[in-house]
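Commentary on secondary and tertiary structure
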Amino acid sequence: MILVCFTLHCCGLWSQQLEGSMAVKGGFFSNGTKVVMNGRVYRPSGAAQLCDQCSDARDHFRRAKRLRIGSLILSSLGISESLVSALNIEDDRAFGIAHGAVGGAMLTWAVERGLKVQHEVKSGVDAYNRCQFLDPYLR
């Protein structure tokens, strides 16, 4: 029984939340950039489509989507620069080292943007839950 519960928790399939509320997908294999609502998993663009009434949450999810796309492009460029560096280090060391430095900088920048994506997704989830559950009582 303990093994089943641990497996469900690591996969992010076992969580307790209110019906209609959003939560950041958790678990051992999750990176914090996806959202769970009513048992379905959404990326930031899909979560933005769910936020018809809450413009603050929609803005956070759209920003996370843009950052995520930019991070993907930067990481792809960083990996290609690192490969160019590895292939050219034997022939021309200065050329290879320069490409390696550029590739490393791009990968570092992509990781920093990934952390911003996680923050934006968390902020979007908080804003959505605040709109859904607190706004009707505050009116």
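Residues numbered from 1 in each chain as written. Predicted model: local features only at pLDDT ≥ 70, side-chain atom pairs only at ≥ 80, totals over all residues. Heavy atoms only, no water.

A closer look at the pattern of salt bridges
Operational definition: Here a salt bridge means any side-chain nitrogen of Lys or Arg lying within 4 Å of a carboxyl oxygen belonging to Asp or Glu. Helix and strand labels come from DSSP, where a helix needs a run of H or I of at least four residues and a strand needs a run of E of at least two; each type is numbered from the N terminus. Buried residues are those whose accessible area, probed at 1.4 Å on protein chains only, stays under 20% of the maximum for their type, while exposed residues exceed 50% and partly exposed ones sit between those limits.
Taken as a whole and assessed by the stated rule, the structure comprises 3 salt bridges. Its salt-bridge partner being arginine 130, residue aspartate 56 comes within 3.7 Å of it at the nearest N-O pair. On the criterion of sequence distance, the pair formed by aspartate 56 in helix H3 (residues 55–88) and arginine 130 in helix H4 (residues 93–133) is long-range, its members being 74 residues apart. Residue classification places aspartate 56 among the partly exposed residues on the basis of a relative accessible area of 37%. Here arginine 130 falls in the partly exposed class, since its relative accessible area comes to 39%. Arginine 63 is paired through a salt bridge with glutamate 120; the nearest N and O atoms lie 3.0 Å apart. With arginine 63 in helix H3 and glutamate 120 in helix H4, the pair connects residues that are 57 residues apart, well separated along the chain. What makes arginine 63 partly exposed here is its relative accessible area of 34%.

Any link to function would need more than the numbers given here.
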